[in-house]
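Descriptive structure summary
Listed below are the residues making up each chain.
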Amino acid sequence: MSTTQFQEVITSEEELRELLGFPSELVVRKQLSTLDSHCRNFIAHSPFLLLGTASADGHYDVSPRGDAPGFVQVLDEKTLLIPERPGNRRLDSLRNILQTSAAGLLFLIPGVEEILRVNGRAQIIRDRTLLKGMEAQGKLPLAAIALEVEECFMHCAKAAKRSHIWDPTTWPERSVIPSLGRILVEQIHPANTSVADMDAYLEESYRKRLY
């Protein structure tokens, strides 16, 4: 809990609605309970998503998933599969799914300002027949996240337009953000490890463990 003491805190939906209002009929009606052809097409062209989960004791996590467009498979109008590629092995998302099954997805496509939101119940599967359909670089994922869709809808482009996220003329120079190697060295101070050593280690891990 933050130690900052705020003077005006909203504590009820009634207060929130009075301040921000209600959604339009269009916003309400665009929410679907199944993946229609437009949702499927969006997923088929998306190379990147954000996965939100929650644990039973209130631990929340959002983590990225990415691969070639179409890496997420739609089995039917209510079910999609996300391959679990090699990562950092923290397993935050997977542990949360084991506890509550609640999951939310944001699908992005580079250059497309709209975003697809999908919420539902997830489970972790290792059905080899299904995993074979998600083979990449000659390797099968060891597991996959199967999501049963409860709601899905296209999110409008306002956030992307305000941020200019896909406009390269607004992007900062890469040099303003230190390399991950430098960040880790300065955060955790590993013994006898230089920034160059850490950068080299990370590059090697990317080369060896993308799949």
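Residues numbered from 1 in each chain as written. Predicted model: local features only at pLDDT ≥ 70, side-chain atom pairs only at ≥ 80, totals over all residues. Heavy atoms only, no water.

Overall, the coordinates contain eleven salt bridges when judged by the stated rule. As a salt-bridge pair, Glu-84 and Arg-65 come within 3.3 Å of each other at their nearest N and O atoms. Here the residue Glu-84 occupies a position in the loop between strand E4 (79-83) and helix H4 (92-100), and Arg-65 occupies one in strand E2 (residues 60-66), the gap between them amounting to 19 residues. The pair formed by Glu-84 and Arg-65 is uniform in burial state, with each residue classed as buried. One salt bridge connects Asp-92 with Arg-90, and the closest N-O pair in it is separated by 2.6 Å. In the salt-bridge network here, residues are joined through shared partners; they are Arg-90, Asp-92 and Arg-95. (Salt bridge = Lys/Arg side-chain N within 4 Å of Asp/Glu carboxyl O. Helix = DSSP H or I, 4+ residues; strand = E, 2+ residues; numbered from the N terminus. Buried < 20%, exposed > 50% of the residue type's maximum accessible area, 1.4 Å probe, protein only.)

Spatially, the seven strands line up as an open sheet ordered E2-E1-E5-E6-E7-E4-E3, and their pairing is antiparallel. In this open sheet, the two edge strands, each paired with only one partner strand, are E2 and strand E3 (73-76). For this sheet, the mean angle separating the axes of adjacent strands, direction not counted, is 30°. Relative to strand E7 (residues 144-155), E4 is paired through five bridges, and the arrangement is antiparallel. Following the sheet pairing, Leu-80 is matched in E7 by Leu-147. Strands in contact with H4 are strand E1 (48-54), E2, strand E5 (102-108), strand E6 (115-125) and E7; relative to E1, the strand with the most contacts, it is inclined by about 45°. (Pairing = 2+ DSSP bridges. Axes fitted to C-alpha atoms, helices over the stretch in contact; angles between N-to-C directions. Contact = heavy atoms within 4.5 Å.)

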